[in-house]
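Reading the structure
The lines below spell out each chain.
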Amino acid sequence: QGSKMMGAGGQPIIVLSQGTKRESGHQVQIGNITACKTIADVIRTSLGPRAMLKMLMDPMGGIVMTNDGNAILREITVKHPAAKSMIDIARTQDEETGDGTTSVIVLAGEVMSQAQQFLEQKIHPTIIIQAYRAALEDAIKLAEEKFSRSIDVNNDEEIKTVVRSCLGTKMISKWMDLAVDIALNAVKTIRVDKGGVNEIDIKRYCRIEKIPGGTIEDCKVIKGVILNKDVVHAKMRRRIENPRVVLLDCNLEYKKGESQTSLEIVREEDISKILEQEEIAIRKQCDEIIALKPDLVFTEKGVSDLAQHFLLKAGITVLRRLKKTDNNRLARVCNARIVNDTCDLREDDIGTGAELFEITKIGDEYYTYVTSSKTTACTVCLRGPSKDVINEVERNLQDALHVVRNVMLNPRLVPGGGALEMALAHALVEKGKSIEGVRQFPYKAVARSLEVIPRTLVQNCGGSTIRQLTALRAKHAQSADNWTWGIDGCSGKLVDMKELGIWDPLSVRIQVLKTAVETSVMLLRIDDIVSGTKKSSGGDGPVKEMPM
């Protein structure tokens, strides 16, 4: 145990508390590298169009079937700290660019394992790190200037090719055109120009509504909002054209006291007085609403029976207990303002932007559609045979939406299919020849680790890795014009990505490179792990961890 020291009298002095493990130096780095490689190996088979799916049981006994790197790692519980940070980078990648989660893990694992040989040769980690950093900077520069092409954002065909290449590695690849159209329509709908800046907020304004049943071909984008709700009262209208909409954030019922209030009633007729007062309060609220003559009232809270009755008489349709997020989206569809109290209602709070309100029955539930052709919020309605399938389709669509967003925000593309990685690897090896001293070795190692992407692509479709990679390397070495050559993930052959039309957004790829190298750098810096600072009893609560 490294934490005991011999005192003057030959007595061991215990510095760290008992039950504390301390690994330091070489052992830690090797441990970290192994952990990263293990994680990368879990994910490796799910890269590329011929990817395998993973099936995961979560502690609740539900199942997840997916080949989205992030989704897999979300479900695995790991113990090793280095492995945890690997899982984190997949999440960062997912939030930043929404795609490339698998690649980032595979690449980081590879970059780490390339470092192992240098550590064994006793090269100091900081030197390796400097070389890695230099390689990363050069790689990004090369990708931005030399190995990418710009794209016209308004040309749908061009964008479609990008989305196609993103979805080619996913489960939906069978319904390619459908998925591509959905992604494009959805992003175009929610694009907002704010003072010349494109704002595309997928999380807030593009809702994915999953309705089991039907076939995958039934998926569509609805310009507007779908709510899984029915009207409060059966006699209210179910279809209104060009409705006037009021959005509320308050209860349409008698306000009860904040704390527990108790009333002592002495005489009997006082009861009816109290009830009358409640009724008057509700009636006042309803009259304030009716005064504006809306057709539709949405509220995030409850609606009492009495209020329903008053509003029904006025011919107003009411829906209650909306989610806050749905209400925000409705506000964008109808151009209404969400009002907190009925007495604040004004004419300009009313939304007239919606063109149609309609309730239809899908499967055995009622769904409310509020649609408008000019809206800037949309809902993607997914149908499919089972919950698991729809979940997977949803994850894939998320990726597609992000790809469209990335291209619109940064309209540069790089070739897919391992072509970019291969081109970068070649360029970095060339550049590495001019570097002095020990640094050139780790520098070239980054180049070598980039080749893991094309290699994995070949592996996953059962090609012969060594032969194809050598051929690909030769191809890139022949002339600089061959930078678009890569692996066709379906057949394992070498192809020119220009002809296959497989292009990825530049931002995704750069994010992959950055995240992968930065993480490796961070993990290489670690030379000491002190664990057991928590109580050494009984693990981390109820979930048993997966032994790494």
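Parameters at a glance
Residues numbered from 1 in each chain as written. Predicted model: local features only at pLDDT ≥ 70, side-chain atom pairs only at ≥ 80, totals over all residues. Heavy atoms only, no water. Helix = DSSP H or I, 4+ residues; strand = E, 2+ residues; numbered from the N terminus. Buried < 20%, exposed > 50% of the residue type's maximum accessible area, 1.4 Å probe, protein only. Areas by Shrake-Rupley, 256 points an atom, 1.4 Å probe, with all protein chains shown as cover. Lys, Arg positive; Asp, Glu negative; His and termini not counted. Charge placed at Lys NZ, Arg CZ, Asp CG, Glu CD. pLDDT = per-residue confidence, 0-100. Contact = heavy atoms within 4.5 Å. 1 Å grid on protein atoms, 1.4 Å probe; cavity = no way out; pocket = protein on both sides within 12 Å on 5 of 7 lines; lining within 4 Å. Points joined across faces, edges and corners; volume = space filled by probe spheres on them. Nonpolar A, V, L, I, M, F, W, Y, C, P; charged D, E, K, R; others polar. Pairing = 2+ DSSP bridges. Axes fitted to C-alpha atoms, helices over the stretch in contact; angles between N-to-C directions. Polar contact = N/O pair within 3.5 Å; in protein donor to acceptor, adjacent residues only side chain to side chain. Patch = residues over 30% accessible without salt bridge, like charges linked within 9 Å, V, L, I, M, F, W, Y side chains within 5 Å. Salt bridge = Lys/Arg side-chain N within 4 Å of Asp/Glu carboxyl O. Phe/Tyr/Trp six-rings, centres within 6.5 Å; stacked < 30°, edge-to-face > 60°. Lys NZ or Arg CZ within 6 Å of the ring centre and 35° of its normal. Core = buried A, V, L, I, M, F, W, Y, C linked by side-chain atoms within 4.5 Å.

Here we look at the overall build of the protein
The secondary structure content of the protein amounts to 18 helices and 24 strands. Dimensions of the protein along its principal axes, counting C-alpha atoms only, are 95 × 75 × 45 Å. Buried residues in the protein amount to 50% of all 548 residues. Working note: accessible area of the protein is about 26,700 Å², and carbon and sulfur atoms make up 51% of it. Here the protein contributes 76 positively and 73 negatively charged side chains, and the mean placements of these two sets differ by 4 Å.

Here's the deal with the confidence of the model for the protein
Detailed conclusions should not be drawn from predicted coordinates in areas where pLDDT is low. Looking at the protein as a whole, its pLDDT mean stands at 80, while 92% of the residues score no less than 70. The least confident element of the protein is strand 1 (residues 4–6), whose mean pLDDT is 55; the most confident is helix 5 (residues 125–145), at 88. Per-residue pLDDT stays below 50 along residues 536–543; that stretch engages in four contacts with residues further than four places along the chain or on separate chains.

Some words on unusual backbone geometry
Residue Lys122 is not a glycine yet carries a positive backbone phi of 65°. Looking at the secondary structure, you find Lys122 in the loop between helix 4 (101–120) and helix 5. You will see that Arg321, though not glycine, has its phi angle at about 55°, which is positive. Take Arg321: it is sitting in the loop between strand 15 (317–319) and helix 11 (324–334).

Describing the layout of surface pockets
By volume, the second largest pocket amounts to about 670 Å³. Per-element tally for the lining of the second largest pocket: the top contributor is helix 6 (residues 156–167), with four residues. Tallied by class, the residues present in the lining of the second largest pocket amount to 11 nonpolar, 18 polar and 10 charged.

Structural notes on the sheet that holds strand 11 (residues 224–227)
The four strands lie next to each other as 11-18-17-12, forming an open sheet whose pairing is antiparallel. With partners counted over all chains shown, the strands left at the sheet margins are strand 11 and strand 12 (239–241), one partner each. The average angle at which neighbouring strand axes cross in this sheet is 20°, direction not considered. Relative to strand 18 (residues 365–371), strand 11 is paired through four bridges, and the arrangement is antiparallel. Bridge pairing in strand 18 links Val225 to Val370. The sheet contacts of helix 11 involve strand 11 and strand 18, and relative to strand 11 the element is tilted by about 145°.

Things to note about the side chain of Asp349
Here Asp349 is to be found in the loop between strand 16 (338–339) and strand 17 (356–362). One polar contact links Asp349 to Arg337, side chain to side chain, over a distance of 2.8 Å. Setting aside residues no more than four positions away along its own chain, Asp349 makes contact with Val245, Ala336, Arg337, Val339 and Asp344.

Examining a nonpolar patch on the surface
A cluster of nonpolar side chains, Leu263, Ile265, Ile271 and Leu275, forms an exposed patch at the surface whose accessible area comes to about 380 Å². In this fold, Ile271 is placed in helix 9 (residues 268–290). Residue Ile271 is classed as partly exposed on the basis of its relative accessible area of 41%.

Notes on the packing of aromatic side chains
Tallied over the entire structure, the rule returns one aromatic pair. Of note, Arg149 hangs over the ring of Trp503, and the distance from its end group to the ring centre comes to 4.2 Å.

Some details on the nonpolar core
Counting 80 residues, the largest nonpolar core has Val163, Leu248, Phe298, Leu330 and Val380 as its most contacted members. Broken down by element, the residue count for this core peaks at 10 residues, all from helix 12 (residues 387–409). With 64 residues, the next largest nonpolar core counts Ile105, Ala139, Ile140 and Leu506 among its residues.

With respect to empty space enclosed by the protein
Counted by the stated rule, this structure contains two cavities of 30 Å³ or more. By volume, the largest cavity is sized at about 60 Å³. Taken together, Leu107, Val111, Ala135, Leu136, Ala139, Leu428, Val446, Ser449, Leu450, Leu513 and Val517 form the lining of the largest cavity. Of all the secondary-structure elements, those providing two or more residues to the lining of the largest cavity are helix 4, helix 5, helix 14 (440–450) and helix 18 (506–525). The residue makeup of the lining of the largest cavity, split by class, is 10 nonpolar, one polar and no charged. As a volume, the second largest cavity reaches approximately 40 Å³. In terms of lining, the second largest cavity is formed by Ile172, Leu178, Ala179, Ile182, Ile216, Val393 and Leu397. Looking at the lining of the second largest cavity element by element, the count peaks at three residues for helix 7 (residues 176–190).

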